[in-house]
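Descriptive structure summary
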Amino acid sequence: MPRSERSPLLLAGLLATAGVAHFAAPRRFDETIPSGLPGSPRTWTYASGAAELALAAGLALPRTRRTAALATAAFFVGVFPANVKMAADWRHRPTPQKAAAFGRLPLQVPLVLWARGVARNTEGRS
C-alpha cells in the first residue's frame, strides 16, 4: 500500500487510540480541561473521546475521508488550549514529564498539517 494510502489510516489509528484512552483513563484527561469551559471536565473528556472515535471512523472510510480530515484539523486546533493548560500545570513536575507536556505543544502543528494533507490528497476521490 503506498504511503499516501496508509496516511489516513495511520491518522485514524492515532485518533482511535486517543479516543479509547479518554474512556479507559478519563481522570488523566479531566485534569487538562480548561476551567473556563462550562460543565464538568468528565463531560468534556468523554465528548472529546467520542469525537476522536467519530473522526477516526470518518477517516477510515474513503467516502467521508475528506470531510473527516478537515474536521480532524479543526479538532487538533480546538484541543490546543488543553495542551497549553497541561504544560502550565506540569511546569513544576520532574523534567521528563515537563518535557513531554511542553513537547506536545509544537506537535499540534504537524498534526494539523497531516490532517490537511489527508484532505488534500483525498480531493476528487470516492
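Residues numbered from 1 in each chain as written. Predicted model: local features only at pLDDT ≥ 70, side-chain atom pairs only at ≥ 80, totals over all residues. Heavy atoms only, no water.

Let us now look at the environment of Thr67. Considering the arrangement of structural elements, one finds Thr67 in helix H4 (residues 65-78). Along the sequence, Thr67 and Gly36 sit 31 residues apart, while their C-alpha atoms lie 29 Å from each other. (Helix = DSSP H or I, 4+ residues; strand = E, 2+ residues; numbered from the N terminus.)

Time to look at a nonpolar patch on the surface. A surface patch of nonpolar side chains, amounting to about 330 Å² of accessible area, comprises Val20, Phe23, Tyr46 and Leu53. Within the secondary structure layout, Val20 lies in helix H1 (residues 3-24). Taking relative accessible area as the criterion, Val20 reaches 49% and is therefore assigned partly exposed. (Patch = residues over 30% accessible without salt bridge, like charges linked within 9 Å, V, L, I, M, F, W, Y side chains within 5 Å. Areas by Shrake-Rupley, 256 points an atom, 1.4 Å probe, with all protein chains shown as cover. Salt bridge = Lys/Arg side-chain N within 4 Å of Asp/Glu carboxyl O. Buried < 20%, exposed > 50% of the residue type's maximum accessible area, 1.4 Å probe, protein only.)

What follows is about the side chain of Thr122. Structurally, Thr122 is set in helix H6 (residues 95-122). Overall, Thr122 belongs to the buried group, its relative accessible area being 8%. Within the structure, the side chain of Thr122 is placed 2.6 Å from the backbone oxygen of Val118, a separation counted as a polar contact. If near-sequence neighbours (up to four positions away) are discounted, Thr122 is found in contact with Pro62, Arg65 and Arg66. (Polar contact = N/O pair within 3.5 Å; in protein donor to acceptor, adjacent residues only side chain to side chain. Contact = heavy atoms within 4.5 Å.)

Across the interface, H4 lies against H6 with an axial gap of 8 Å and an inter-helix angle of 165 degrees. When the axes of H4 and H6 are compared, the pair comes out roughly antiparallel. In terms of crossing hand, the pair formed by H4 and H6 is left-handed. Residues Arg65, Arg66, Ala69, Leu70, Thr72, Ala73, Phe76 and Val77 of H4 pack against Gln108, Leu111, Val112, Ala115, Arg116, Val118, Ala119 and Thr122 of H6. For the contact of H4 with H6, a count of residues per class yields 10 nonpolar, three polar and three charged. (Axes fitted to C-alpha atoms, helices over the stretch in contact; angles between N-to-C directions. Parallel < 35°, antiparallel > 145°, perpendicular 65-115°, else oblique. Left-handed = near helix turned anticlockwise from the far one by under 90°. Nonpolar A, V, L, I, M, F, W, Y, C, P; charged D, E, K, R; others polar.)

So, about helix H5 (residues 80-89). Listing the buried residues of H5 in full gives Ala82, Asn83, Met86 and Ala87. Projected down its long axis, H5 shows its buried positions confined to an angular sector of 140 degrees, all on one face. On its buried face, H5 is in contact with H6. (Arc of directions from axis to C-beta.)

What follows is about the nonpolar core. Counting residues in each nonpolar core, the largest one holds 16 residues, and the members touching the most others are Leu11, Leu15, Leu59, Ala69, Phe76 and Val118. Counting residues per element, the ones that place at least two in this core are H1, helix H3 (41-60), H4 and H6. If you look at the next biggest cluster of nonpolar residues, it comprises five residues, including Ala87, Trp90, Ala101 and Leu105. (Core = buried A, V, L, I, M, F, W, Y, C linked by side-chain atoms within 4.5 Å.)

When the charged atoms of two side chains with opposite charge come close together, those side chains can pair. With the rule as written, the count across this model stands at two salt bridges. In this structure, Asp30 and Arg42 form a salt bridge, with 2.6 Å as the shortest nitrogen-oxygen distance. Note that Asp30 is positioned in helix H2 (residues 26-30) and Arg42 in helix H3, a separation of 12 residues in sequence. Take Arg42: its relative accessible area is 32%, and that puts it in the partly exposed class. Note that Asp89 is salt-bridged to Lys85, the shortest N-O span being 2.6 Å. One end of the pair, Asp89, and the other, Lys85, are both in helix H5, four residues apart, so they sit about a helical turn from each other.

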